[in-house]
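The primary structure of each chain is shown beneath.
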Amino acid sequence: MAPSRAAILGLSGPRLTSAEAALWRRFPPLGAILFARNIQDPAQLRALTNDIRDVLGSAAPILIDQEGGRVARLKLPQWEVFPAAARFEGEPELAQRANAYLMGAMCRAAGLDVVCAPVLDLRLPGAHQVIGDRAFSAEPEEIARLGVACIAGLQAAGCIPVIKHIPGHGRALADSHHELPRVAAGVEALADDIAPFRALACSGAWAMTAHVLYEAWDARLPATLSPTVIQRVIRGEIGFDGLLITDDLAMGALAGMANDLAEAALSAGCDVVLHCTGKLEDAAALLPDCAVLSDAALRRLALADAARRGFGAGEVAALRAVRDGVLAAPMVAVAEGDPTER
């Protein structure tokens, strides 16, 4: 098989088409990311994940946004509902760890091994609600405390977590799915934004960039495309040396062709680009000229894989009892308002 491109791509529908498979065999991406359009029921989903790995190899990562609350691809009635991150503020760490383990085990059973959670952004009053209850708290220390627990739970379930959205989306007054947010806060204020990411920098998780322009760090380019933000802030000040992936390059915050944006993001220091439209023409434009995974990216992939560790089967019931004991209020599914749906 040809070396993997430094890209993770979306698919068009609930099955891997022959055209997608042919393109992926010729120019294999690292892995895939799935959305509601790709998911119908457990049997169909397991067949799809098997088909993806038949083409890309058994180790190919398959990502899903499964945070709980508004952001969940696996939904009722086939899958369990999980609460939003904000529900755990002030609660014991073990409750969040148990919740993350149960959510990760559900994803893993469906053939999905990379869970795009937790959100480590600040939940600030007056900011755009694209983050809102997806974040644990407004306090960096509380975010870090619960973020550690969430990562440990996902890793114990055999999943790789992806912390979002480094170096922080919490101050944004706009939704980066639709436009480019500009954050005017100074370096001293931004120290709170990066604090949770610094606390979890060596956790073994991947990290996803924010399509946000931070005037104090780079007045011209958003973090995803900024060598200054990636090298000086993310790799330097935060100290993150895990696998760094972009948020979706097709979001409204970025302007340009898929292949040009991919080149710019990889040149800036991202390890892997994410492109989620699932359109064959977008994949065909991006993959042929996309760089293969660097040696540094391969090392970071291996470190994240090694950080996964399992609980014994007998512990699952106890974990569920801990989580449900803390979350005494009924958990209600949120049927609308997912800001990340595609």
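The structure contained in this document is the topic of the report that follows. What you see is a predicted model; the values in this text were computed from it and never measured.

In this structure, the second largest pocket encloses a volume near 220 Å³. In terms of lining, the second largest pocket is formed by 15 residues, of which the most central are Ala59, Ala60, Pro61, Leu301 and Asp305. Elements supplying a minimum of two residues to the lining of the second largest pocket: strand E2 (29-34) and helix H9 (295-306). Here the lining of the second largest pocket is composed, by residue class, of nine nonpolar, three polar and three charged.

Along the chain, Asp324 falls in helix H10 (residues 316-326). Looking at Asp324, the relative accessible area reads 34%, which means it is partly exposed. For the pair Asp324 and Pro3, spaced 321 residues apart in the sequence, the C-alpha separation amounts to 45 Å.

Right, let's talk about the pattern of salt bridges for a bit. Summed over all chains, the structure comprises 20 salt bridges. Between Glu89 and Arg123 there is a salt bridge, with its nearest N and O atoms 2.6 Å apart. With Glu89 in the loop between strand E5 (71-72) and helix H3 (93-109) and Arg123 in the loop between strand E6 (114-115) and helix H4 (140-156), the pair connects residues that are 34 residues apart, well separated along the chain. Arg300 is paired through a salt bridge with Asp271; the nearest N and O atoms lie 2.8 Å apart. With Arg300 in helix H9 and Asp271 in the loop between helix H7 (258-268) and strand E12 (272-275), this residue pair connects regions lying 29 residues apart in the sequence.

With 15 residues, helix H2 (residues 42-56) should reach 21 Å at 1.5 Å per residue; the first-to-last C-alpha distance of 21 Å fits that figure. Of all the positions in H2, only Gln44, Leu45, Leu48, Thr49, Ile52, Arg53, Val55 and Leu56 are classed as buried. One side of H2 holds all its buried residues, which, seen down the axis, span an arc of 165°. For H2, exposure combined with an orientation more than 90 degrees from the buried face picks out Ala43 and Asp54. Packed against the buried residues of H2 are helix H1 (18-26), E2 and strand E3 (62-64). Its side-chain oxygen 3.2 Å from the backbone nitrogen of Ala43, Asp41 forms the N-cap of H2. Positive backbone phi, at 110°, marks Gly57, one or two positions downstream of H2.

Burial within strand E7 (residues 160-166) is extensive, with seven of its seven residues counted as buried. Bridge analysis of E6 against E7 gives two bridges, and the strand direction is parallel. Within E7, the residue paired with Val114 across the bridge is Ile160. For the segment spanning E6, H4 and E7, crossover handedness is right-handed. Direction of pairing for E7 relative to strand E9 (residues 206-209): parallel, over a ladder of four bridges. Its bridge partner being in E9, Lys164 is matched across the sheet by Met208.

Conventions adopted
- Residues numbered from 1 in each chain as written.
- Predicted model: local features only at pLDDT ≥ 70, side-chain atom pairs only at ≥ 80, totals over all residues.
- Heavy atoms only, no water.
- 1 Å grid on protein atoms, 1.4 Å probe; cavity = no way out; pocket = protein on both sides within 12 Å on 5 of 7 lines; lining within 4 Å.
- Points joined across faces, edges and corners; volume = space filled by probe spheres on them.
- Helix = DSSP H or I, 4+ residues; strand = E, 2+ residues; numbered from the N terminus.
- Nonpolar A, V, L, I, M, F, W, Y, C, P; charged D, E, K, R; others polar.
- Buried < 20%, exposed > 50% of the residue type's maximum accessible area, 1.4 Å probe, protein only.
- Salt bridge = Lys/Arg side-chain N within 4 Å of Asp/Glu carboxyl O.
- Expected span 1.5 Å × (residues − 1).
- Arc of directions from axis to C-beta.
- Contact = heavy atoms within 4.5 Å.
- Polar contact = N/O pair within 3.5 Å; in protein donor to acceptor, adjacent residues only side chain to side chain.
- Pairing = 2+ DSSP bridges.
- Right-handed = clockwise from strand over helix to strand, strands pointing away.

In short, geometric facts, not functional conclusions.
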